[in-house]
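Each chain, written out:
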Amino acid sequence: SDAHLKGDGVGLAVDSVSSSYLLGLLIVGLLILAISAINFSIMTSAKLIRRAPEFEIRRILGAGPLDICIQLMVEAICLSMCAGLLAIIAIIFINPYFENLVGQVILMPVQDPILWLIILGLPLATGFIAGLPSALRIYLQPRVGIYSHQTTATKRGKLQIFLISLQIAASIGL
């Protein structure tokens, strides 16, 4: 907004800030978020092998692949929402120390619906994106392929190897 770019004294904007600098910070933040989501999806995919008995029991009790996919997606979204809640709590506690560090009061527009959309939507979208590879793996692969207990590198999917490579490249780039 103009308050952040032209420096009219609202919030932290005392001097003008270039929009390219803010865009660069936004891109770095989104890359960090993407790396976290990729890491979460890789770890969740690795846990599928250990959770095989749980899924097998659910299938015996009548759950279909879609039910298990929904379970995995809900777990990922709940975990992401809990992480978002912890981040909000951390911001509340760290904000006074940060204000002392920069020497200014930081105004939080809590009445702004766009802020709440971001606060609720970002963890929701992150959880959905992070849980999607595991859910798709359960849904698309046959039962025998999912529940085999071979954990060799040859059993890893091409998507998982691509995500690991992308995560390493982005980490090096940052």
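Our subject is the structure that appears above.
Just so you know, these numbers come straight off a predicted model, no measurement behind them.

Caption draft 1: Layout of the overall build of the protein chain. The number of helices and strands found in the protein chain is 7 helices and 0 strands. Taken from the N to the C terminus, the helices and strands of the protein chain come in the order α-α-α-α-α-α-α. Intrachain contacts of the protein chain at a sequence separation of at least 6 include 69% that bridge at least 24 residues. Working note: accessible area of the protein chain is about 11900 Å², and carbon and sulfur atoms make up 73% of it.

Caption draft 2: Highlighting the packing of helix 4 (residues 65-102) against helix 5 (residues 113-140). In the contact formed by helix 4 and helix 5, the axes pass within 7 Å of each other and the chain directions differ by 150 degrees. When the interaxial angle is binned, helix 4 and helix 5 end up roughly antiparallel. Here helix 4 runs over helix 5; the crossing is right-handed.

Caption draft 3: Inspection of a nonpolar patch on the surface at higher detail. Residues Leu66, Ile70, Val74, Phe128, Ile129, Leu132, Leu136, Tyr139 and Leu140 make up a contiguous nonpolar surface patch of roughly 860 Å² in combined accessible area. For the nonpolar patch, the elements supplying multiple residues, two or more each, are helix 4 and helix 5. For the nonpolar patch, the element with the highest residue contribution is helix 5, accounting for 6 residues. Here leucine 132 lies in helix 5.

Caption draft 4: Quick look at the packing of helix 2 (residues 19-50) against helix 5. Between helix 2 and helix 5, the shortest axis-to-axis distance is 9 Å and the interhelical angle comes to 35 degrees. Note that helix 2 runs across helix 5; the crossing there is right-handed. Between helix 2, through Leu33, Ala37, Phe40, Ser41, Thr44, Ser45 and Leu48, and helix 5, the contact on the second element is made entirely by Leu122, Thr126, Ala130, Pro133, Ser134, Arg137 and Ile138. When grouped by side-chain class, the residues that make up the contact of helix 2 with helix 5 number 8 nonpolar, 5 polar and 1 charged.

Caption draft 5: Inspection of the nonpolar core at higher detail. One finds Leu48, Phe55, Ile68, Cys69, Leu72, Met73, Ala135 and Ile138 forming the largest nonpolar core, which totals 8 residues. Secondary structure elements with two or more residues in this core: helix 4 and helix 5. Residue contributions to this core peak at 4 residues, all from helix 4. Setting aside residues no more than four positions away along its own chain, cysteine 69 makes contact with Ala135, Ile138 and Tyr139.

Caption draft 6: Representation of the environment of isoleucine 138. Along the polypeptide, isoleucine 138 turns up in helix 5. Considering only alpha carbons, one finds isoleucine 138 and leucine 66, 72 residues apart in sequence, at a separation of 8.5 Å.

Caption draft 7: Spotlight on the pattern of salt bridges. Applying the stated rule across the entire model yields 2 salt bridges. Across the pair arginine 51 and glutamate 54 runs a salt bridge, and its minimum N-O distance is 2.9 Å. A salt bridge links glutamate 75 to arginine 51; the shortest N-O distance between them is 2.8 Å. Taken together, the positions of glutamate 75 in helix 4 and arginine 51 in the loop between helix 2 and helix 3 (52-60) put the pair 24 residues apart, joining distant regions of the chain. Through salt bridges with shared partners, a single ionic network connects Arg51, Glu54 and Glu75.

Reading the values: the criteria
- Residues numbered from 1 in each chain as written.
- Predicted model: local features only at pLDDT ≥ 70, side-chain atom pairs only at ≥ 80, totals over all residues.
- Heavy atoms only, no water.
- Helix = DSSP H or I, 4+ residues; strand = E, 2+ residues; numbered from the N terminus.
- Contact = heavy atoms within 4.5 Å.
- Areas by Shrake-Rupley, 256 points an atom, 1.4 Å probe, with all protein chains shown as cover.
- Axes fitted to C-alpha atoms, helices over the stretch in contact; angles between N-to-C directions.
- Parallel < 35°, antiparallel > 145°, perpendicular 65-115°, else oblique.
- Left-handed = near helix turned anticlockwise from the far one by under 90°.
- Patch = residues over 30% accessible without salt bridge, like charges linked within 9 Å, V, L, I, M, F, W, Y side chains within 5 Å.
- Salt bridge = Lys/Arg side-chain N within 4 Å of Asp/Glu carboxyl O.
- Nonpolar A, V, L, I, M, F, W, Y, C, P; charged D, E, K, R; others polar.
- Core = buried A, V, L, I, M, F, W, Y, C linked by side-chain atoms within 4.5 Å.
- Buried < 20%, exposed > 50% of the residue type's maximum accessible area, 1.4 Å probe, protein only.

By themselves, these are just geometric observations and shouldn't be taken as functional.
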